[in-house]
Amino acid sequence: MMAASVRATFRLFQPLRPVPPMRIPLRQPTVPGRTTVARTMGVLPLPFFSKPRDFSLPNSSWGPEMVRLYEHYNSQCEVEREGGEKQKGPWKRLPSYNRVLKYATGGVYLSKLIQSKARLFTRNIKEPGASFEYVLFDNSEEQKCVGILQAGHLLEGPPGFVHGGAIATMIDTVTGAHATLLSGPVMTANLNINYRSPIPLGSTVVLESCLDKKEDKKTFVTCKVTSSNGSKLHSEATALFVSISVCKILDGV
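The rules behind the values
- Residues numbered from 1 in each chain as written.
- Predicted model: local features only at pLDDT ≥ 70, side-chain atom pairs only at ≥ 80, totals over all residues.
- Heavy atoms only, no water.
- Helix = DSSP H or I, 4+ residues; strand = E, 2+ residues; numbered from the N terminus.
- Buried < 20%, exposed > 50% of the residue type's maximum accessible area, 1.4 Å probe, protein only.
- Contact = heavy atoms within 4.5 Å.
- Polar contact = N/O pair within 3.5 Å; in protein donor to acceptor, adjacent residues only side chain to side chain.
- Salt bridge = Lys/Arg side-chain N within 4 Å of Asp/Glu carboxyl O.
- Pairing = 2+ DSSP bridges.
- Axes fitted to C-alpha atoms, helices over the stretch in contact; angles between N-to-C directions.
- Expected span 1.5 Å × (residues − 1).
- Core = buried A, V, L, I, M, F, W, Y, C linked by side-chain atoms within 4.5 Å.

**Q** Help me out: how do you make sense of the overall build of the protein in this one?
**A** The number of helices and strands found in the protein is 5 helices and 11 strands. Split into buried and exposed, the 253 residues of the protein put 36% on the buried side. Here the contacts in the protein between residues at least 6 apart in sequence split such that 60% fall between residues at least 24 apart.

This is the structure in structure tokens:
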């Protein structure tokens, strides 16, 4: 019953388009002997059309290696041909929001129906550099996805090193985004990780996801986590993702 209600709500808001901001009149309390005055509290946007904030952009907390790797891949998102003409390059930067659903048409209301306090927890810490600072790039031709991660002090496990669960989170994030680009909506069915070498807090690492194979609704990918220059292998993993429909997600609400 709840799933049917959510689907109906989603269909209701899907065709909506942004409308001009509303001016909300506020009335001052009535004071004996004075005339009630109406005034306007600025221009307030409707909640359904909140502007998303992209967290995968450089900020003051990024170290030199994080910036270097970002610029390396970002420079390949658009290439310049002879004559100065620009065209799409082999890589594409993937924006990363607190929760993408909130920024779809009608998404704020739909998000509240599903789970009012749900947030993508890798993006819910306001302090820059304190936890997950990362950006993802995809190469559809090579069927690769790369994540650049700078691990903050809140991700500490063993003293001075990144918690294994935080590493697993980022592997799941990168491989999951990659599988979604390859196969549409998916859910993690299996994630197997071998930890080879600890990652020092504050350091920058590269996570590279590659397609292994696709079988019906199954997408198999492999992932390795290396130091920023590729000289040290920190972790390697295999992952299995299973394709699902949006209706199935809503049925689980």
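Resuming the write-up.
**Q** Whenever I open this one, the side chain of Ser227 confuses me. Can you help?
**A** Tracing the backbone shows Ser227 in strand β10 (residues 218-227). Here Ser231 takes part through its backbone nitrogen, which lies 3.2 Å from a polar atom of the side chain of Ser227. Each residue touching Ser227, except ones within four places of it in the same chain, is listed here: Thr204, Val206, Lys232 and His234.

**Q** Just to check I follow, could you spell out the environment of Glu142 for this structure?
**A** Residue placement: Glu142 occurs in the loop between β6 (132-139) and β7 (144-151). Separated by 68 residues in the primary sequence, Glu142 and Cys210 place their C-alpha atoms 8.3 Å from one another.

**Q** How should the pattern of salt bridges be read in this particular structure?
**A** When their charged atoms lie close together, side chains carrying opposite charge are able to pair. Within this structure, the stated rule accounts for 5 salt bridges. In this structure, Lys144 engages Glu142 in a salt bridge whose closest nitrogen and oxygen atoms are separated by 3.8 Å. A relative accessible area of 24% means that Lys144 is categorised as partly exposed. Among the residues examined, Glu142 registers a relative accessible area of 48% and is labelled partly exposed. Between Glu236 and Arg196 there is a salt bridge, and its shortest N-O distance comes to 2.5 Å. Of this pair, Glu236 sits in strand β11 (residues 233-243) while Arg196 sits in the loop between β8 (186-195) and β9 (204-215); the two residues are 40 residues apart in sequence, bridging distant segments of the chain.

**Q** Mind showing me how you'd approach the side chain of Ser131 here?
**A** With respect to the secondary-structure elements, Ser131 resides in the loop between α3 (107-115) and β6. If near-sequence neighbours (up to four positions away) are discounted, Ser131 is found in contact with Ile125, Gln150, Ala151, Gly152, Leu154 and Leu155.

**Q** For this particular structure, what's the right way to read the sheet that holds β11?
**A** Strand pairing within a sheet occurs via backbone hydrogen bonds; the two strands may be parallel or antiparallel. Read from one edge to the other, the open sheet built from 7 strands follows the order β5-β6-β7-β9-β10-β11-β8, with strand pairing classed as antiparallel. Looking along the sheet, the strands with just one partner apiece sit at the ends: β5 (92-94) and β8. Direction aside, the axes of adjacent strands within the sheet are offset by 25° on average. In this structure, β9 lies alongside β10, joined through 10 bridges in antiparallel fashion.

**Q** Please explain the pairing of β10 as it appears in this structure.
**A** Taken residue by residue, a regular strand's side chains alternate between the two faces of the sheet. Among the 10 residues that make up β10, 7 are buried, leaving the element largely enclosed by the rest of the structure. Linking two consecutive strands that pair antiparallel, namely β9 and β10, is a turn of 2 residues; a positive phi of about 55° is found at Asp216 within it. With 9 bridges connecting them, β10 and β11 associate as antiparallel partners. Its bridge partner being in β11, Lys218 is matched across the sheet by Val242. Two successive antiparallel strands, β10 and β11, enclose a turn made up of 5 residues, where Gly230 displays a positive phi of approximately 80°.

**Q** Quick question: what am I supposed to make of helix α4 (residues 164-183) here?
**A** Because each turn of an α-helix spans 3.6 residues, side chains separated by three or four positions end up pointing in the same direction. With 20 residues, α4 extends 28 Å between its outermost C-alpha atoms, agreeing within 8% with the 28 Å of an ideal straight helix rising 1.5 Å per residue. The set of residues buried in α4 consists of Ala166, Ile167, Ala168, Thr169, Met170, Ile171, Val174, Thr175, Gly176, His178 and Ala179. Tucked into the core, α4 has its buried residues touching β6, β7, β8, β9, β10 and β11. Just past α4, the residue Gly184 takes up positive phi, approximately 85°.

**Q** How should the nonpolar core be read in this particular structure?
**A** Nonpolar side chains tend toward joint burial in soluble globular proteins. Membership of the largest hydrophobic core comes to 22 residues, with the highest contact counts inside it found for Phe132, Leu149, Val162, Met170, Ile171 and Leu207. Of all the secondary-structure elements, those providing two or more residues to this core are β6, β7, α4, β9 and β10. Per-element accounting of this core gives the leading share, 6 residues, to α4. Those residues in contact with Leu207 that sit more than four places away from it in its chain are Cys145, Val146, Gly147, Leu149, Met170, Ile171, Val174, Cys223, Lys224 and Val225. Residues Met66, Tyr70, Ile148 and Val206 belong to the second largest nonpolar core, which totals 12 residues.

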